[in-house]
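Geometric and topological summary
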Amino acid sequence: MLLFTPGPTPTPESIRQAMATPTLHHRTKEFESIFAKARLGLQTMLNMEEVLLLASSGTGAMEASVLQFCHSKLLSISCGKFGQRWGKIALANNLPHTELVKEWDTPISAQEVLEALQSDPSIDTLALQVCESAGGLRLPLEQIAREVKAYRQDIIIIADAITAMGVEPLDTTHIDVLIGGSQKAFMLPPGMSIIGLSKRALEVLEVRPTHRGGLYFSFLTELKNQRKNTTAWTAPTTLISGLVRYFEIVQALANTNLDSALESTFTQELDSSLLAQGFAKAYTHTKAIALATREAINALGLFLYPKSPALAMSAIAHADSAKIRQRMKALGVNVAAGQDHIKDSIFRINHMGLIHIYEASYAINALELSLDTLGLRSFDGAGNASFFGALKKQEIL
Ligand SMILES: *Cc1c(COP(=O)(O)O)cnc(C)c1O
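- Looking at an unreviewed UniProt entry, one finds the chain named Alanine--glyoxylate aminotransferase family protein, with Helicobacter canis as its source organism.
- Within the UniProt record for the chain, the comment given under Cofactor (unreviewed entry) is "pyridoxal 5'-phosphate".
- The Sequence similarities (unreviewed entry) comment attached to the chain in UniProt states, word for word, "Belongs to the class-V pyridoxal-phosphate-dependent aminotransferase family."

Shown next as structure tokens:
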């Protein structure tokens, strides 16, 4: 079965192998050298002042970040299920909170965020998604962050980039906290979160330390340890070994194609400049597949749900979503439903991780065949004709 859900994503054999070695003790030189590679990889990828790894799913990093930085009041943006989570975090922790709520297919605008800030000077932290996975929606994060910082330099901006990190290049100039998760574009099993921190975030942590994060999620304690290539508590050693292999694969991509990069044996050390080239290639690859899939969806007479679609996934609006998903599954392709009130009115095809073109193409074929079986549209191969046409235009083939 091809796993085409927007998290978890499939873990390639080579990453699985890297995680299948005997368990290392985390207080050893051997592990410290693996951890140093993971830090180098993340610093290259995120281009931020500091990076942290936590043993938690993405939500843990969201909660920990809010608790470290919000001292007076949180403003959060809710354009879907993940955006709603900020409010639940505030409620669970008795934090003063206000939120802007949009329909799940509609991005918030920078103007709306600015107006909310202007009307409430007690807000010190803004939390939002880069990509709201509930509806496959891309928020204009970079513009919002730029305008918010121009208005008030001292607002801390926390961006949940769990379905953007590793998918597309992100301009982190105006972002203080950038959150990622192992089970999305990193193609690792769930259980580890990734945090990028700005210079300003580090200053705030040091000048205004808060104990709200409790003992386990103290960024200051983690920073003190992780700068020395160790962790405060027992590290998720297996996932960190897998993360290093992910960086090796991306680096190999700089000089070879995807199949060879996934299968190579790695003799080279991680090198920032090669890794950055590999990432540029990985982003081009993901974007090409996402855009080509959109063209195929169009050619099949289907419509994307969000007004501003993300590259991480294609969310398709269709009244027969449940039936289409069921038919696709019978053809060997597992795609995701929606959630809550749009559970059965959309289905979501993942583009995160390093996906083979032949797999993405088969998913489109399975979709077109499903429409045929359900009597919705007869099969003529238009999906793949348009998918490959788009890839050729983007000079990917
Ligand atoms: C997957 C995802 C999360 C993380 O949720 P966990 O289940 O805690 O890992 C958070 N935000 C977005 C946008 C996601 O897609």
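1. Remarks on the packing of aromatic side chains
- Taken as a whole and assessed by the stated rule, the structure comprises 10 aromatic pairs.
- Considering the side-chain rings of Y246 and F247, the 5.6 Å spacing of their centres and the 50° angle between planes classify their relative orientation as tilted.
- Note on Y246: relative accessible area 2%, which makes it buried.
- Cluster of aromatic residues (ring-pair linked, three or more members): F186, Y246, F247, F279 and Y283.
- Residue placement shows K184 over the ring face of F82; its charged tip is 5.7 Å from the ring centre.

2. Observations regarding the layout of surface pockets
- Estimates place the volume of the largest pocket at around 360 Å³.
- If you go around the largest pocket, you meet 21 residues; those closest to its centre are P12, L262, L354, H356 and E359.
- Broken down by secondary-structure element, the contributors of at least two residues to the lining of the largest pocket are β1 (2-4), α1 (13-18), α10 (258-263) and α13 (357-373).
- Class assignment for the residues of the lining of the largest pocket results in 11 nonpolar, 6 polar and 4 charged.
- Around the second largest pocket sit L253, T256, N257, L258, D259, K281, T284, H285, H356, I357, Y358 and I396, which together line it.
- Of all elements in the fold, only α10, α11 (272-299) and α13 reach the threshold of two or more residues within the lining of the second largest pocket.
- With 3 residues, α11 is the largest single contributor of residues to the lining of the second largest pocket.
- Split into classes, the residues belonging to the lining of the second largest pocket amount to 5 nonpolar, 5 polar and 2 charged.

Conventions we followed
- Residues numbered from 1 in each chain as written.
- Predicted model: local features only at pLDDT ≥ 70, side-chain atom pairs only at ≥ 80, totals over all residues.
- Heavy atoms only, no water.
- UniProt positions renumbered as here; feature names shortened; annotations may be inferred.
- Phe/Tyr/Trp six-rings, centres within 6.5 Å; stacked < 30°, edge-to-face > 60°.
- Buried < 20%, exposed > 50% of the residue type's maximum accessible area, 1.4 Å probe, protein only.
- Lys NZ or Arg CZ within 6 Å of the ring centre and 35° of its normal.
- 1 Å grid on protein atoms, 1.4 Å probe; cavity = no way out; pocket = protein on both sides within 12 Å on 5 of 7 lines; lining within 4 Å.
- Points joined across faces, edges and corners; volume = space filled by probe spheres on them.
- Helix = DSSP H or I, 4+ residues; strand = E, 2+ residues; numbered from the N terminus.
- Nonpolar A, V, L, I, M, F, W, Y, C, P; charged D, E, K, R; others polar.

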